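# Observations on chain architecture
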Amino acid sequence: MVDLRITTLTGREAMLPEAAVAAFQQNLRGPLIAPGDERYDEARQVWNANIDRRPGLICRPVGVADVIAAVNFARDHHLLVSVRGGAHNVAGTCVCNGGLVIDLSLMKGIRVDPVRRTVRAEGGVKWGEFDRETQTFGLATTGGTIADTGIAGLTLGGGHGWLGYKYGLASDNLLSVDVVTADGQFRIANDTEHADLFWAVRGGGGNFGVVTSFEYRLYAVGPVLAGLVFHPFAKAKDVLLFYRDFSSATHEKLTTYAVPMTSPEGAKVVAIGVCYDGPLAEGEQLIAPVRRFGSPLEDQIRPMAYTELQSMFDPGFPPGNQYYVKAHFLREISDDAIDIVVDQFARVPSPLSLPFFQQTGGAMQRGHTAYAHRDALYNLVLVSEWLDPRESAIHVRWTRELWQALQPYATGGVYVNDLGCEADDGADQIRAAYGANYQRLAKLKQTYDPTNLFGHNQNIKPAL
Ligand SMILES: Cc1cc2nc3c(=O)[nH]c(=O)nc-3n(C[C@H](O)[C@H](O)[C@H](O)COP(=O)(O)OP(=O)(O)OC[C@H]3O[C@@H](n4cnc5c(N)ncnc54)[C@H](O)[C@@H]3O)c2cc1C
């Protein structure tokens, strides 16, 4: 190895002496990957192939000691840093250009305590892995709807999911986290220790340190009554009006989603999705209006294993495609917003793209954490997906136009985990993600990360 060109926290280019890198490597159990290493190109890839960044170094810790060594190394050498959990974030915030990536993908430990109904999972775990372990004991907690998503990024931003109506956000079910903060200290944060930090990491994103493990509360879950009912796109407006009325009446009992989409056969359709966890007879009664409404093309709602539900959307969002996302929180779905979605979806430039109404009410409205959107009832996520990177401008334009047209009907808040690139969105979107909690988070940032070492994400600037 020779001296290494690296990007610093202030964005300058600098040279890292060979001896410093060698000493860092010796201090690690896990691998350290530099440009030129045969593992480098695979290690810098993320789920969204539209992101193409070249880090200066990629460190893959296998335990807390490695994380502490990486944080100390980054701080001592003033390096730009990004932290990688499941690498599913659409803006690719986990990978930086020129700096050090602290990549937790080898930290996969999961330990379920079936008696206390808790689980401790490390920062590199994905929801598919998490659900498999917990469902072995018939247990689960709210988690993301795509198995390939990391528990870390999703939970730190809040964590919406099919069980949210009943059990709140993923982060509402946290009992404790282990965090390595910017000073290299290992801290346990929960209701009694570092309670301010514990408040901040539940909705404040990756701003406060590297979370090496998460402890969650679990519940007996499944089989669930769940699935999708498909209608022809010609009826899209009626279906979305029905969805609006149905979902607002039942949001304490069911999680429901609505999705205009293109079928694998190429036909535009609109789907209503439901998840009910409880006595099946009660579930059937609750979802009966969804089965009865209109003349569905297909009704796929049935009792299923929770793990089956949790992987239902996976084929639609494989790693390696091109993605772009914008999102709005909504308090209600207005007639005008429905017209805009239907009209714009009729002209969607990719059969893989879709607007996705994800219900966020019910128990997700309770809780006192840094998550700032308790009053929202839906997260409307506009997911653009395509194959040819040369077409990016077309798909980004479609997404942004739809997002802008919907702005008057939204709360003005945005889910931190759906933020696009700051360059696209402007700093006001970052503030919109933290809402009324921004100032309190900025003060805590000053306490735990005064130099903004963990700034390559949903960046809260430290406040004095
Ligand atoms: C198709 C699609 C479906 C989605 N579905 C859902 C859903 O159902 N519910 C939902 O809530 N969200 C959903 N999301 C958004 C998802 O929550 C974010 O993409 C989230 O950032 C992914 O977490 P990750 O660990 O995989 O991400 P990464 O890309 O690895 O990390 C994202 C950021 O999180 C921080 N981070 C990650 N790991 C750590 C750590 N251990 N310590 C400190 N900081 C860390 C870093 O700042 C990093 O930049 C979806 C997104 C897409 C594109």
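Coordinates for the structure precede this section.
None of these values were measured; they are calculated from a predicted model.

Rules of the game
Residues numbered from 1 in each chain as written. Predicted model: local features only at pLDDT ≥ 70, side-chain atom pairs only at ≥ 80, totals over all residues. Heavy atoms only, no water. 1 Å grid on protein atoms, 1.4 Å probe; cavity = no way out; pocket = protein on both sides within 12 Å on 5 of 7 lines; lining within 4 Å. Points joined across faces, edges and corners; volume = space filled by probe spheres on them. Nonpolar A, V, L, I, M, F, W, Y, C, P; charged D, E, K, R; others polar. Core = buried A, V, L, I, M, F, W, Y, C linked by side-chain atoms within 4.5 Å. Buried < 20%, exposed > 50% of the residue type's maximum accessible area, 1.4 Å probe, protein only. Helix = DSSP H or I, 4+ residues; strand = E, 2+ residues; numbered from the N terminus. Contact = heavy atoms within 4.5 Å. Axes fitted to C-alpha atoms, helices over the stretch in contact; angles between N-to-C directions. Parallel < 35°, antiparallel > 145°, perpendicular 65-115°, else oblique. Left-handed = near helix turned anticlockwise from the far one by under 90°. Pairing = 2+ DSSP bridges. Near = heavy atom within 4 Å. Polar contact = N/O pair within 3.5 Å; in protein donor to acceptor, adjacent residues only side chain to side chain. Areas by Shrake-Rupley, 256 points an atom, 1.4 Å probe, with all protein chains shown as cover.

As a volume, the second largest pocket reaches approximately 280 Å³. Around the second largest pocket, the lining is made up of 18 residues, and of these Glu42, Gln45, Val46, Arg84 and Ala87 lie nearest the centre. Tallied by class, residues from the lining of the second largest pocket come to six nonpolar, six polar and six charged.

Attention shifts here to the nonpolar core. Judged by nonpolar contacts, the single largest core of 46 residues is most densely connected at Phe130, Val177, Phe208 and Phe214. Counting only elements with at least two residues in this core, the list comes to β8 (118-122), α4 (127-135), α5 (151-157), β10 (174-180), α7 (195-201), β12 (210-217), α14 (427-434) and α15 (438-448). The contacts of phenylalanine 130, once residues within four sequence positions are left out, are Ile110, Val119, Ala121, Val125, Thr141, Ile151, Tyr216 and Leu218. Among the nonpolar cores identified, the runner-up in size contains 39 residues, and Val270, Leu286, Ile301 and Leu406 belong to it.

Where helix α11 (residues 335-345) contacts helix α12 (residues 392-406), the two axes come as close as 10 Å, and the packing angle between them is 165 degrees. When the axes of α11 and α12 are compared, the pair comes out roughly antiparallel. Of the two elements, α11 crosses α12, and the hand of that crossing is right-handed. Residue-level inspection shows Ala337, Ile340, Val341, Gln344 and Phe345 of α11 in contact with α12, the latter providing Trp398, Glu401, Leu402, Ala405 and Leu406.

So, on to the sheet that holds strand β7 (residues 110-113). Strand order in this open sheet of five strands is β7-β8-β12-β10-β11, and the pairing throughout is antiparallel. Here the strands that pair on one side only, and so sit at the sheet edges, are β7 and β11 (186-190). Direction aside, the axes of adjacent strands within the sheet are offset by 15 degrees on average. Judged from the five bridges that link them, β8 and β12 form a sheet pairing that is antiparallel.

Moving on, we get to the site of the ligand. If you check the shell around the ligand, you find 32 residues, and the closest are Gly85, Ala87, Thr93, Thr145 and Tyr415. One of the backbone N or O atoms of histidine 160 is found 2.8 Å from a nitrogen atom in the ligand. Within the side chain of asparagine 417, one N or O atom sits 3.1 Å away from an oxygen atom of the ligand. Protein chains shield 96% of the accessible area of the ligand, which is 960 Å² for the free molecule. The set of elements that each furnish at least two residues to the shell around the ligand consists of β5 (81-84), α5 and β12. Residue composition of the shell around the ligand, grouped by class: 13 nonpolar, 18 polar and one charged.

Everything listed is a geometric property; what it means functionally is a separate question.
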